[in-house]
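# Descriptive analysis of the structure
Next come the chains, spelled out residue by residue.
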Number of protein chains: 2
Amino acid sequence: MLSTGFNVVGFNWMSSPAATELENIVMDWLGEMLNLPKSFLFSGNGGGVLQGTTCEAIVCTLTAARDQILKKKGRENIGKLVVYGSDQTHSALRKAAHIAGIDPNNFRAIETTKSSSFCLSPDSLQATINLDIEDGLIPLFLCTTIGTTGITAVDPIQPLCDVAKRYGVWIHIDAAYAGSACICPEFRHFLDGIEDADSFSFNAHKWFFTNLDCCCLWVRNPSALIQSLSTNPEFLRNKASDSKEVVDYKDWQITLSRRFRALKLWFVLRSYGVGNLRKFLRSHVKMAEFFEELVRSDKRFEVVAPRNFSMVCFRVSSSALFKNKKYVKGKAVSDDDEKLAEQKEEEEEEKSNEVTKNLLEKINASGKAYMTHAMVGGIYVIRFAIGASLTEDHHVMEAWKVVLRHLDAILN
Amino acid sequence: MLSTGFNVVGFNWMSSPAATELENIVMDWLGEMLNLPKSFLFSGNGGGVLQGTTCEAIVCTLTAARDQILKKKGRENIGKLVVYGSDQTHSALRKAAHIAGIDPNNFRAIETTKSSSFCLSPDSLQATINLDIEDGLIPLFLCTTIGTTGITAVDPIQPLCDVAKRYGVWIHIDAAYAGSACICPEFRHFLDGIEDADSFSFNAHKWFFTNLDCCCLWVRNPSALIQSLSTNPEFLRNKASDSKEVVDYKDWQITLSRRFRALKLWFVLRSYGVGNLRKFLRSHVKMAEFFEELVRSDKRFEVVAPRNFSMVCFRVSSSALFKNKKYVKGKAVSDDDEKLAEQKEEEEEEKSNEVTKNLLEKINASGKAYMTHAMVGGIYVIRFAIGASLTEDHHVMEAWKVVLRHLDAILN
C-alpha cells in the first residue's frame, strides 16, 4: 500500500534514484538467497528487474533473443524462428511468441507423457530441433519450467540446456510458482544447470507473500535486453543516463512508466527475513505432504503426478469405480478381447474424469474449500494447493473431510 | 491502496466477476464523459479496458492490427508492414512496433515543422504512404496524438483519418495526457474525427488524479484484440467464458494476471464527480494561461508552441541575447551578407538553447520549482506543466519569480 501511495513514476534512474537502487539491491539479495550463479547478479555483470508478470518477462527476453539472432541472420528470417516449450508450458509463452511476431506455425509445444511425469524430455527436444533444422528453420528460444502450471512438473534443466546450447538457443527458466521454494537448500537442486540458462524468472506474487504484481526476472546479459528495448527520447535525457553508470529500467521492460515494486519486496524480505520465509515454505510443503498421505491412504483416490512442492494432484481412481474388471489391457487372450479391454479402459478413464470433475464442482460449491483442475495426458486432475501464510494443519484436515464427504455423496 | 490491498488476481471474468463488471461500467461511464462515439462503448459493441500504460495499449492494438492484415495478406509479409507516426509521437510507438516484430526500417517518424505547430500534416502522411506503396510495402498502423509529449501539439484527427482510412490502416489516437481535458465540452473538439479511428487511449494517471498505472483504452472492435491475444489454457476454462457472455480481459492485454485498477478509477469518478473533475482541469488550464501571459509580458522570453492545455513551452528569446542585430536573414543586400546572416542566426539559436538549458538547470537546482525540457525543430524549450490537485495561483506566481530571478542572474 505504501508503494502505491508513494506513486513513484520511475521511468529511469533519474526520475527516482531510490526506486532503482533499491530494486538493484533487493534483486541481488533475492538472487543470493536463491543461490543464483553470480553471473545473474548485478555484482557479477548480470542483473535483475521486477516485471509485472511472467508474460511480460517472456515478451522481453524473447524479443531480446529474437533481435540478437536476426542481427546475425538478417531480419528477413523472422518467419523462420522457432520457439520451444512443452505441452505443459504456461500459455504465456505462446502468447509472448505471438506478440513478438513469431509465426504461430513455428511454435513447438513438445508432447510430454505420464511415464516421464510430464517433464520435457531432452531427447524429444533434440528430435524436434533436428526436424526444424532439416526444414531450414532457426531454433530461437526454449522455455523450460520448474513447477509447471498444471501439475508442478520440473523439467530437467541441465540436459535441456546441453541440447539447446548447441544451437545458440536462448534458454529461459520459468519458475513462476516453484522458484520461491529454491531459497531452501533442500529444494535448490531443482535449479541445477541454471549456469547455462540465459534468463530466470519467478513470481513473488505467487508463493512469496507479495501482492500482485511482482515478477522477478534475472538475465545474464542485460545488454541484450537493453539493445532491444531501449528508447532515448529527448525529454528523458539526463546526465546520469548519459554517464552509463546507472540502470535505466525502462530499457529492461515493455513500458516506460514503472511503479515502485521493489518496496513491496523489500518489506517482505525485511519483515519476514530469510529464516521465516523458509519456515513458511517448508510448512506448506509439509502440509501438502500430509494431504498427499491422506489421499494415498484412501484407495478410491490416485495421486496423478509427483508432488514436488506444495501442490497435490489427485483424482478419483477408475478402479474405485469399476471394481470387477473383466478385461485388462495387455492381458487379454485374443485380439478381440484386447480391443474390448482397450475400449473398456477408455470408458473407465472417461468415467473417472467425469466423477473427478463432478467432485471438484461439489467441493467448490460447498464454499468450504477451493481447488482447481488441470487436464494432463487426457486425465482430469484436482489440484490442491497450499500457499497462504495463514493456512494450518487443521485447515488441511477440514479440506480433506470436505473431499470425502462429497465423494461419498457422489458414489452413493 | 484499497485496490492493492484487495490483491484481486483477475485472470478472467470468473476469477473476479466484480473486478471485470466494475471495469466495464467505469469504462462506459468515462467514455460517456468524453462523449466518445457509442461504437467505442460496451453499450455499442465496442469496449474499454484498463491497461498499465500507453506502451502496453499500443503493443496490443498494433498486434491486433498486424494480425488482421497478415491474415488477409499472408504471414510472409510481416517484413512489409509499415507503422506511421510523427517525429513528435511518443517513443512508445517505436518500441511497440519493434516488439511486435515490425522491421525498424518500416517505422516512419514523419517530420513536423514549427510553421504547422509541430502537428502531423495529412499531406505529409499521404506522401509517405504513397512512397511506401510504390516500394511494395503495406501501410499498417497510424498513431495520431492529441497533446504530444514534447509540446502538447494536437494532430488533426479527421483529415489524417481521411488519408489513412483509404488504405485500411488501423488508426490509434494517443491522448495520454490531454485526453482528460476532453471531458470538458470546450475541449471536446480536439477529438473531432474520432468516429473514424479504431482505438483511443488516455492515461488517468497523468492528468486525471489517479495513481500510476491506469491507461484507459477503448476499441471499436474488441474481437480484433481478442483474436490476437486470447489464450485458452485448460486450468482457466469455465462455464462463464464458454458461454461467451462475459468479458475475459486477459484476452484484451499482454498479461494473464491483472490487478483491480477499475476500483481506483471508480473512486476518482465517484469521489470527485464529473463537475469537480472539470473544475480542476479548467483551473489548471487557467493557471497555465496565467503563466503564459507572464511569459509573454517579458520580451526576453518567447512562447515556442501554442498552449493547448495546461502546459506552457517557452525559451529565452535570442533577441534578448542579441539586441543589436547587424545582419538579418532574408534582408541582406549581398549573397555574402545573406550567408553571414544565416550563420549568425544559427549561432544565436544555439546561444538561446544554451542559455535556456542553463536557466532550466538553475530553476530545478533551486528546489523551488521543477520543470522539464523538450527539443523541437532544433529548439530547446522549457516545459512548465500544471496538473496536481493542490496547485494554486500563488504557486504559479512563485514559480515565475524563480524563473525571473535565475534569468537575471544568468544575464548579469
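As annotated in an unreviewed UniProt entry, chain A carries the name Tyrosine decarboxylase and is attributed to Xanthoceras sorbifolium. Per UniProt, chain A has the following entry under Sequence similarities (unreviewed entry): "Belongs to the group II decarboxylase family." Recorded in UniProt under Cofactor (unreviewed entry), the annotation for chain A is "pyridoxal 5'-phosphate".

Counting its secondary structure elements, chain A contains 13 helices and 11 strands. Against the compact-globule benchmark of 22 Å for 412 residues, chain A has a radius of gyration of 24 Å, which places it among compact chains. Taking the principal axes of the C-alpha coordinates as reference, chain A spans close to 80 × 55 × 35 Å. A buried classification covers 58% of the 412 residues belonging to chain A. Counted over contacts in chain A with a minimum sequence separation of 6, partners at least 24 positions apart contribute 72%. Split by element, the accessible area of chain A, about 17100 Å² in all, is 51% carbon and sulfur. Charged side chains of chain A number 48 positive and 50 negative; the gap between the two group centres comes to 4 Å.

To continue, consider the interface of chain A and chain B. Taken together, the contacts link 50 residues of chain A with 50 residues of chain B. The three residues of chain A that bury the most area against chain B are A:Lys95, A:Ile99 and A:Leu212, which together make up 16% of that side's buried surface. Our count for the contact surface shared by chain A and chain B stands at 4 salt bridges. B:Arg75 serves as the salt-bridge partner of A:Asp103, at 3.8 Å between the closest nitrogen and oxygen. In this assembly, chain A and chain B are joined by 18 residue pairs in polar contact (both at pLDDT 80 or more). Elements that contribute at least two residues to the side of chain A that touches chain B include exactly helix 1 (2-6), helix 3 (54-73), helix 4 (91-99), helix 8 (222-229) and strand 10 (372-376) of chain A. The residue makeup of the side of chain A that touches chain B, split by class, is 18 nonpolar, 17 polar and 15 charged.

Moving on, we come to the environment of B:Arg300. Residue and element names in this part refer to chain B. By secondary structure assignment, the location of Arg 300 is in the loop between helix 10 (261-296) and strand 8 (301-303). A relative accessible area of 22% places Arg 300 in the partly exposed class. The sequence separation of Arg 300 and Leu 407 amounts to 107 residues, and the corresponding C-alpha distance is 9.2 Å. A distance of 2.8 Å separates polar atoms of two side chains, one belonging to Arg 300 and the other to Asp 408.

All names here are of chain B. Here 4 strands make up an open sheet; going across it, the order is 8-9-11-10 and the pairing antiparallel. In the strand order of this sheet, the two ends are held by strand 8 and strand 10 (372-376), each with one partner. Strand after strand, the sheet turns through a mean of 40 degrees between neighbouring axes, direction not considered. Alignment of strand 10 against strand 11 (residues 379-385), held across 5 bridges, turns out to be antiparallel.

This part takes up the nonpolar core. Grouped together as the largest cluster of nonpolar side chains are 78 residues, with contacts concentrated most on A:Leu62, A:Phe141, B:Leu62 and B:Phe141. What A:Leu62 contacts, discounting residues up to four positions off in sequence, is A:Val83, A:Leu93, A:Ala96, A:Ala97, A:Ala100, A:Ile102, A:Leu140 and A:Phe141.

Attention now moves to the packing of aromatic side chains. Scanning the model with the defined rule gives 38 aromatic pairs over all chains in all. With a centroid separation of 5.3 Å and 85 degrees between ring planes, the pair formed by A:Trp266 and A:Phe267 is classed as edge-to-face. By relative accessible area, which is 38% here, A:Phe267 ends up partly exposed. Seen from their ring centres, B:Phe291 and B:Phe384 are 3.7 Å apart, and the 15 degrees between their planes marks the pair as stacked. Of this pair, B:Phe291 sits in helix 10 while B:Phe384 sits in strand 11, placing them 93 residues apart in sequence. What makes B:Phe291 buried here is its relative accessible area of 0%. What makes B:Phe384 buried here is its relative accessible area of 8%. In this structure an aromatic cluster arises from ring pairing among A:Tyr177, A:Phe187, A:Phe190, A:Trp207 and A:Phe309.

About the cut-offs
- Residues numbered from 1 in each chain as written.
- Chains lettered and ligands numbered in written order.
- Predicted model: local features only at pLDDT ≥ 70, side-chain atom pairs only at ≥ 80, totals over all residues.
- Heavy atoms only, no water.
- UniProt positions renumbered as here; feature names shortened; annotations may be inferred.
- Helix = DSSP H or I, 4+ residues; strand = E, 2+ residues; numbered from the N terminus.
- Rg over C-alpha atoms; globule rule 2.2 N^0.38 Å.
- Buried < 20%, exposed > 50% of the residue type's maximum accessible area, 1.4 Å probe, protein only.
- Contact = heavy atoms within 4.5 Å.
- Areas by Shrake-Rupley, 256 points an atom, 1.4 Å probe, with all protein chains shown as cover.
- Lys, Arg positive; Asp, Glu negative; His and termini not counted.
- Charge placed at Lys NZ, Arg CZ, Asp CG, Glu CD.
- Buried area = accessible area lost by both parts, 1.4 Å probe.
- Salt bridge = Lys/Arg side-chain N within 4 Å of Asp/Glu carboxyl O.
- Polar contact = N/O pair within 3.5 Å; in protein donor to acceptor, adjacent residues only side chain to side chain.
- Nonpolar A, V, L, I, M, F, W, Y, C, P; charged D, E, K, R; others polar.
- Pairing = 2+ DSSP bridges.
- Axes fitted to C-alpha atoms, helices over the stretch in contact; angles between N-to-C directions.
- Core = buried A, V, L, I, M, F, W, Y, C linked by side-chain atoms within 4.5 Å.
- Phe/Tyr/Trp six-rings, centres within 6.5 Å; stacked < 30°, edge-to-face > 60°.

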